[in-house]
Structure formats: structure tokens, C-alpha cells
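# Tertiary structure, described
One-letter residues, chain by chain:
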Amino acid sequence: MLANSNATANLAVKDLARAKAFYEDVLGLTEVHNEGGELIVYKCGDTSINVYRSQFAGTNKATAVTWMVGDEIDNTVKALKSKGVVFEHYDMPGLTMEGDIHVGHGMKVAWFKDPDGNILNLVDR
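Model, not experiment: these values are computed from the prediction.

The rules we used
- Residue numbers restart at each chain and count upward from 1, following the sequence in its written direction.
- It should be noted that, the model being predicted, local features are given only for residues of pLDDT at least 70 and side-chain atom pairs only at 80 or more, the latter also being counted only at that level, while totals for whole chains, interfaces and linings use all residues.
- Hydrogens and waters are ignored; side-chain quantities use all the structure's heavy atoms.
- Counting from the N terminus, the helices are DSSP H or I runs at least four residues long and the strands are E runs at least two residues long.
- Any Phe, Tyr or Trp ring, taking Trp's six-membered ring, that has another such ring centre within 6.5 Å forms a pair; planes under 30 degrees apart are called stacked, those over 60 apart edge-to-face, and the others tilted.
- The salt bridge definition used is simple: a Lys or Arg side-chain nitrogen within 4 Å of an Asp or Glu carboxyl oxygen.
- Relative accessibility decides the category of a residue: with a 1.4 Å probe and only protein chains considered, values under 20% of the type maximum give buried, values over 50% give exposed, and everything between is partly exposed.
- Between any two strands, at least two bridges found by DSSP are needed for them to pair.
- Between N-to-C directions, angles span 0 to 180 degrees; the directions come from axes that are lines fitted to C-alpha atoms, helices contributing only their stretch in contact.
- Contacts are assigned to residue pairs with any non-hydrogen atoms lying within 4.5 Å of each other.

### Thoughts on the environment of glycine 36
One can find glycine 36 in the loop between β2 (30–34) and β3 (39–44). For the pair glycine 36 and glycine 99, spaced 63 residues apart in sequence, the C-alpha to C-alpha distance is 40 Å.

### Quick notes on the packing of aromatic side chains
Going through the model one piece at a time under the given rule, you end up with 5 aromatic pairs. Here phenylalanine 87 and phenylalanine 112 contribute two aromatic rings whose centre-to-centre distance is 5.6 Å and whose plane-to-plane angle is 65°, an arrangement assigned as edge-to-face. Here phenylalanine 87 is found in strand β6 (residues 87–88), whereas its partner phenylalanine 112 is found in strand β9 (residues 107–113), with 25 residues between them in sequence. Seen from their ring centres, tyrosine 90 and tryptophan 111 are 5.4 Å apart, and the 80° between their planes marks the pair as edge-to-face. Residue tyrosine 90 is found in the loop between β6 and β7 (96–98), and its partner tryptophan 111 is found in strand β9; the two are separated by 21 residues along the sequence. Taken together, the aromatic side chains of Phe22, Tyr23 and Tyr42 make up a single cluster linked through ring pairs.

### A short note on the pattern of salt bridges
Summed over all chains, the structure comprises 6 salt bridges. With a shortest N-O distance of 2.8 Å, lysine 20 and glutamate 24 are connected by a salt bridge. One end of the pair, lysine 20, and the other, glutamate 24, are both in helix α1 (residues 16–26), 4 residues apart, so they sit about a helical turn from each other. The partly exposed category is assigned to lysine 20, whose relative accessible area is 29%. Among the salt bridges present, the one from lysine 20 reaches glutamate 31, with a minimum N-O distance of 2.5 Å. Within this pair, whereas lysine 20 is found in helix α1, its partner glutamate 31 is found in strand β2, the two being separated by 11 residues in sequence. For glutamate 31, a relative accessible area of 28% translates into the label partly exposed.

### Let's talk about the sheet that holds β3
The 4 strands are arranged β1-β4-β3-β2 in an open sheet whose pairing can be described as mixed. At either end of the open sheet lies a strand with only one pairing partner, and these are β1 (9–13) and β2. Pairs of neighbouring strands in the sheet enclose a mean axial angle of 30°, with direction left out of account. In the sheet, β2 pairs with β3 via 4 bridges, with the strands oriented antiparallel. The residue bridging threonine 30 from the neighbouring strand is lysine 43, located in β3. Lying on the sheet, α1 is in contact with β1, β2, β3 and β4 (47–53); it crosses β3 at an angle near 10°.

Structural data, given as C-alpha cells:
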């Protein structure tokens, strides 16, 4: 029923202005729609992300958004780190750390958080 429909990630934030600075200036996303200071829609490849103001911001303790960056994962991590992004390091079975990138199971992945604690990641697939 939904297999051919596009899906959009939704990220709750407390301070939309602070989130706007992070998603635009740090991650380089482009705003495509703004709902009067309550919601900003960002373009990501062929998809989008809704960043909206909510009292429940930062309560999700699981990965909220994944970007498939392919062979650019090393360069993307370096670029984000140069903009002040701090990467998370997790102890996960079968994965080893190479700098800020978890490697194993035929993949590379790096996790980081936005200013509200939403967990975001990059994958080389």
C-alpha cells in the first residue's frame, strides 16, 4: 500500500532558530518550506526532512535520520568535524573504530547528534 509513496523524517527541536543554523550552516541543507516558525522543511537528495518545534524534542534515544553518502563518508565526516560536529562512539559487537567511523559487517557508519540530541548518522551504502 505505501511501497511507492515517499516518506519524510520528522525531527522535533526546542529552538527552531538554533536548529535552522545547524541544519543549514553545518549540514548544508536547503530550506524549501517554512511554516511560520513552527516547521521547516529541508531538501535532502530526493527526499526531505521536517524539523519542527516540540516540547518532546530530544526524547528519542534511537537513530532518527540516516544519510546514504557512499564513498564520501570519510570526507563527509571530516567536513562535519571541521564545523564542530562531535561524533558519537558506541561499543557495538562486530564494529571497530577508525577515527570517528564504525567499521564492520561490510559497512562504515558514523553517528552524531543535532543540538537537541536527535541522533543522526551517515552510512557508506
